[in-house]
Amino acid sequence: MFGDSRVLSPLKMYPFLSAEWRKLFIKLVWQYKWIYLFMVAPALSLVILFRYLPMPGIMLSFETFKPSFGKSGLYSFLFSSDWVGLKHFQRMFVEPDFWRAFGNTIIISIMKLAIGFPFPIVLSLMINEVRVKGYKRVMQTVYTFPHFLSWVVVAGIALNFFGDSGVVKKVSVLFRPELANSWNFLYNAHIFRGFLVALDIWKEAGWGTILYLAAIAGVDQSLYEAAIMDGCGRLKRVWYITLPSIAGMIIILFILNIGGIMNANFDQVFNLYNAPVFSVGDVIDTYIYRLSFQSTTVMDFGFSTAVGSLKTIINFALLIFANAAARKMGYDGIM
Amino acid sequence: MTATKKGLYRKEPLDYILLVLLSLILILILYPFYNAVLISIVPQNDYVRAPLMLWPSRVESTNYKFVFDSPVLLRSMATSAVMMVVGAIYNMLLTVLFAYAMTRPIPGRNFFRFIMVFTMYFGGGLIPYYLLIKALGLLDNFWSMVLPTVISVTYMLIISNSMNSVPSELTESAAMDGAGEIRILFQIMLPLLLPILATFTLYYAVERWNEWYSAMLFIKSVDKWPLQYALRKIISDANFISTQAVTGEYRPPTYGEGIKMACIVVTVFPLMAVYPFLQRYFLTGLTAGAVKG
Amino acid sequence: MKKRLLIIVSLAVASVMLFSACGANNSGAAPSDPVVAASDGNAAASESAAADSGGEAAASDGQYENPGYGYPVGDFSEPVTISMTVLDAEKTGNTARDKWLFDQFNIKFELIPVTWGDWLEKVRVMVAGDDIPDILWWDMKINHTAEFRSWAQAGAFREIGDTAAYPNLQALREKTVSMEKMLTVDGKLYGWSANRNNPDWLDNAYYPMFAYRRDWAQALNMYKEGDQYTWAEVLAMIDAVKQQDPNGNGAGNTFGMVSETWAFPGVYMSILDYSETQDSYVKDASGKYTPYFTTDAFRQELKFLADLYRGGYIWKDQIAISGSEGLDNFKAGRAFMYLGNNSPDWFSGQYASWVETGSIDSPDALAPMIIFGPVTNTRFTLVQTEDYWTVANFSHNVDDKKYERILQLWDWYASEDGRAYRVSGIPGVDYERVSDTDINILWTKTADGLYDSPYRDTANNFATPPCLVPSPNEGTNMTGYNAFEKIFEFIQTSPDYFVRPLNWDLNTFNGEQFSQYGSFSSERDEFIKTVLASSDDVDSMLDQWLGEMAPKWGPVAAELDEQLK
């Protein structure tokens, strides 16, 4: 648990109601003054400065953006823009392309969660079991390499491998000559989602192992020795010692991932998708991007803010739900 | 002890299967990277004919020359290096302090944590952010690329959670010995959590090294460009076909793929060079006997 | 422990920088000292570089009657600082000719770098954040008109008033259609579009022509003098190329047509002659507006393109790429034809690099190609494009002093003296004038007969806003133009050359629906690509899509009917 909260619970229930609780409150604050001053204040004040001050911009979701010129303050654009109420949201809900993007976002994120999330865990468990020390280090380093490539580059590599003049096609044609003219890998709506998930795993699984391996490294070695003396086999040791040591981290990351379902990776999808796969691959962020930059219409910051707001509200709701579920199951949540 | 060691390190068939499997994955991961390096050093014609070659028949350095000919490259590398070091320290310091504060039973703790988590989801959008940076006078300023990053709440939460799994006997005994909060944090907590901290320092460092979007928005002078932004410019130069050829100006022979790959190598090489040295910090951990009693 | 870490990190960074320094090419010598280079190549002294306005120029010839040519005239005693967005900022403003110009006009430029990729985004953020530089120079396209209008009406820009005092600018203003149609809001001019200065007979059509491997066509005995073919001939050539592999690429490794990403699929369709007009909205039989994609001509074009793609004549991966892979393949000899913005200058640039890398033996191997429309097999159709490239706006912050200085500078750029400067450089140092309209460039020539410019690989972009330099000029590499000789002849003389006019009123239309939904061009392009990639029947796919789109374009067409007669 995050510390002993029994002291705090009465404060939570009756914050400023009675003089007694208030005295306790002030006593505690004074006792921990250094923490407030040097630990909480720096990060908190900077976050308020850079993240909360701009937050009223969310009101742009209900406006059509019109810039204000001349002597303008931080929020004057809110007043120079025209109020349109829920018009943006209405427009969203009417556009079938929006719902298509919405559905795709959820499906792709769930696929990534179901298939992609366990990969770094399994991989790190496997790496941890390697007994050859030098090779283990090499593996740990090399596995992280794809993370450093940008999606632009990965898309290019994918083109070389899977494209019309790529290696995979040449090999497939050997087995199935009829594929020579009908090869369709990169713009095939049936496999695109799986393709996204697979590439995402390839690129990020190694990087994810860093964190898990770091957590595993914190396990007390004597536990393993004790287990061996009790006669535990390899797999049992992994299941009962290694895995639980990272359980806390897994839960947190899982909760955070659920809170990120509405954010299918823009970079990845943007660089890999093309018109024939829009029906399955277009996600909310790419939909907004196309609206803003590629059509002959006026780019309205209000509309893109509205869509962003919708996304974040849903994400936040999912986060709260996942957090509550985790707590009910007895794990530490994040809130 | 020897008997136990043998028990721990005896090789089973599982080990061999594991090694084979992991080696296959290694090749799968390594090959495209190797391919990227090759593309950056072979002539364009060779690349297009055999993009997946295993060994180059001819090698040339035109792409790297093009990249390094750019007047901004070295400068932007230095800028990014400074951003990375300063930024990582800045981020890490704030994160660790706040994470520790979240483990102590201070009033309002849940409230503070909520404030942080809230920012993960709700923000004002691009325009108010831009106006804020402008109001703070940080436009065209190096710090506009570092200061607004503050902390990553995800990392803070994980660090905080890890701090909680440090056995409380350690902290309580230190407190009873009269140690203040700062001492407990730095002399007891941090050494035990070294792998986690090293991990997130690395994460932050890589994030700062790869930063380009804030440069695109806020930076107006060429000498403040970070590396990634300069590379994007170089790549788009390579792809851009001049529609108005000024007298005497011509673009040297280049090809887009090669330039892209050379840029990748230039970005990643410094990180790769440093990463193995940091490896050992990721692997230290609690040794038997530290927590006895 | 932490100290060691710090040492390691700084050593690593230092070693990287050392490595990069060794790898760096020191070609920086030339651009930074062009005065020395120029005077090496020219006996005429370079003292003139230091002369002030109206001063002496040491013309070696002395033939031209005005010895003080090339210098701007005016009162520039007050220094002025101007901020401006500019491409290639890191290569701009450092040469001797730049410094000469700054001295002459007493201007200090603050260049704000923008790149091709983020120009639009950066401009939008600057305007939205009220952080507009004195000169906002950007790649405004005609479909940004509605957005520009809203900015102008909100007060972002300063009006460009009466320019009668600047004769060169006034002349440009009168002949540039876009200034009136696109940049004038409520009767006031809020921006300056840079006139392309194309020759009149081109009618402001751009060059959506194919570049092709003439040497392969000759090897196949299918080459035609003049580089003008029908589609049937082209397809036959592609089949032969794939079969006979004149470049020795190996089976299946040669593609027919590749193109720039933006050119696919739109430009392929724009050179077909199924219809005289391809405006986004056309009037149907009953005189009401309807989108072009509902017409029968579009149906024919779509079928034609689908046959091309599905038949393997167009490189299959064209749909999936987003960069320059098309051109890369063409350069490497893996494609027969390439569709892009293949102007004569583009060709000139290509020849140099191709011959150098050994891809072709002589410039004759690469040539532009005209393909006649499939309906008439004699008619060649181009599309009229905007008469400008990029627009410059003045921020609302610009005061009268700056305003005047900028206009004086631009007026000079647009004059003959300014043209000479932009083509070469400093009068007397980089060029000498021989007549009212011609100059002699004083640089040495390389073995290829091209000028060895001391300003190689620098940029002169901030001279662009008033207008582009007319091409070809004294400094142009003519190899590309020579390749176009027969094609230019055709364009200027043949009645079968047809240019689809640009419908300004439609494209700059100010209706609310139109501003929000436009012409559905992206939906159309997406649909076209989906059709190409699939193997279903084109007619049924098109009918289904039209059914889906009908309710969407209805309101826009109604608005057009009402407001645009």
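Residues numbered from 1 in each chain as written. Chains lettered and ligands numbered in written order. Predicted model: local features only at pLDDT ≥ 70, side-chain atom pairs only at ≥ 80, totals over all residues. Heavy atoms only, no water.

As for the nonpolar core
- Among the nonpolar cores identified, the biggest contains 362 residues, and Met163(B), Leu101(C), Met257(C), Met337(C) and Trp410(C) are the most heavily contacted of them.
- It is helix α12 (residues 192–216) of chain A that contributes the most residues to this core, 16 residues altogether.
- Core analysis: the next-biggest nonpolar cluster, separate from the first, contains 13 residues, Met92(A), Phe98(A), Phe102(A) and Leu310(A) among them. (Core = buried A, V, L, I, M, F, W, Y, C linked by side-chain atoms within 4.5 Å. Buried < 20%, exposed > 50% of the residue type's maximum accessible area, 1.4 Å probe, protein only. Helix = DSSP H or I, 4+ residues; strand = E, 2+ residues; numbered from the N terminus.)

Focus on the interface of chain A and chain B
- Each partner contributes to the interface: chain A provides 91 residues, whereas chain B provides 98 residues.
- Together, the buried faces of chain A and chain B total about 9,200 Å²; carbon and sulfur atoms form 76% of this surface.
- Linking chain A to chain B there are 1 salt bridge.
- Asp15(B) is paired through a salt bridge with Arg234(A); the nearest N and O atoms lie 2.7 Å apart.
- Inspection of the chain A/chain B interface yields 10 residue pairs in polar contact (both at pLDDT 80 or more).
- No other element matches helix α3 (residues 33–52) of chain A, which puts 14 residues into the side of chain A that touches chain B.
- When its residues are assigned to classes, the side of chain A that touches chain B shows 66 nonpolar, 15 polar and 10 charged. (Contact = heavy atoms within 4.5 Å. Buried area = accessible area lost by both parts, 1.4 Å probe. Salt bridge = Lys/Arg side-chain N within 4 Å of Asp/Glu carboxyl O. Polar contact = N/O pair within 3.5 Å; in protein donor to acceptor, adjacent residues only side chain to side chain. Nonpolar A, V, L, I, M, F, W, Y, C, P; charged D, E, K, R; others polar.)

With respect to the pairing of strand β13 (residues 366–371) of chain C
Residues and elements named next belong to chain C.
- With 6 of 6 residues buried, β13 is to be regarded as a mostly interior element.
- Across 4 bridges, the pairing between strand β7 (residues 210–213) and β13 is antiparallel. Residue pairing across strands places alanine 211 opposite proline 368, the latter belonging to β13.
- Bridge analysis of strand β8 (residues 228–229) against β13 gives 2 bridges, and the strand direction is parallel. (Pairing = 2+ DSSP bridges.)

Looking at the packing of helix α10 (residues 181–192) of chain B against helix α11 (residues 194–209) of chain B
Residues and elements named next belong to chain B.
- Relative orientation of the contacting elements α10 and α11 amounts to 80°, with a least axis distance of 5 Å. Considering their axes alone, α10 and α11 lie roughly perpendicular with respect to each other. Taking contact as the criterion, the partners of Leu190, Pro191 and Leu192 in α10 are, on α11, Leu194, Pro195 and Leu197.
- Here the residues of the contact of α10 with α11 sort into 6 nonpolar, no polar and no charged. (Axes fitted to C-alpha atoms, helices over the stretch in contact; angles between N-to-C directions. Parallel < 35°, antiparallel > 145°, perpendicular 65-115°, else oblique.)

Regarding the packing of aromatic side chains
- Here the structure, examined in full by the defined rule, presents 91 aromatic pairs over all chains.
- Ring geometry for Trp216(C) versus Phe336(C): centroids 6.0 Å apart, planes at 15°, classification stacked. One end of the pair, Trp216(C), is in helix α9 (residues 214–219); the other, Phe336(C), is in strand β12 (residues 335–339), and 120 residues separate them in sequence.
- You can call Trp216(C) buried: its relative accessible area is 3%.
- Taken together through their ring pairs, the aromatic side chains of Trp201(C), Phe330(C), Tyr338(C), Trp346(C), Phe347(C), Tyr351(C), Trp354(C), Phe484(C) and Phe488(C) make up a single cluster.
- The ring centre of Phe303(A) lies 4.3 Å from the NZ or CZ of Arg91(A), which sits over that ring.
- Its guanidinium or amino end placed over the ring of Tyr455(C), Arg97(C) lies 4.2 Å from that ring's centre, counting from NZ or CZ. (Phe/Tyr/Trp six-rings, centres within 6.5 Å; stacked < 30°, edge-to-face > 60°. Lys NZ or Arg CZ within 6 Å of the ring centre and 35° of its normal.)

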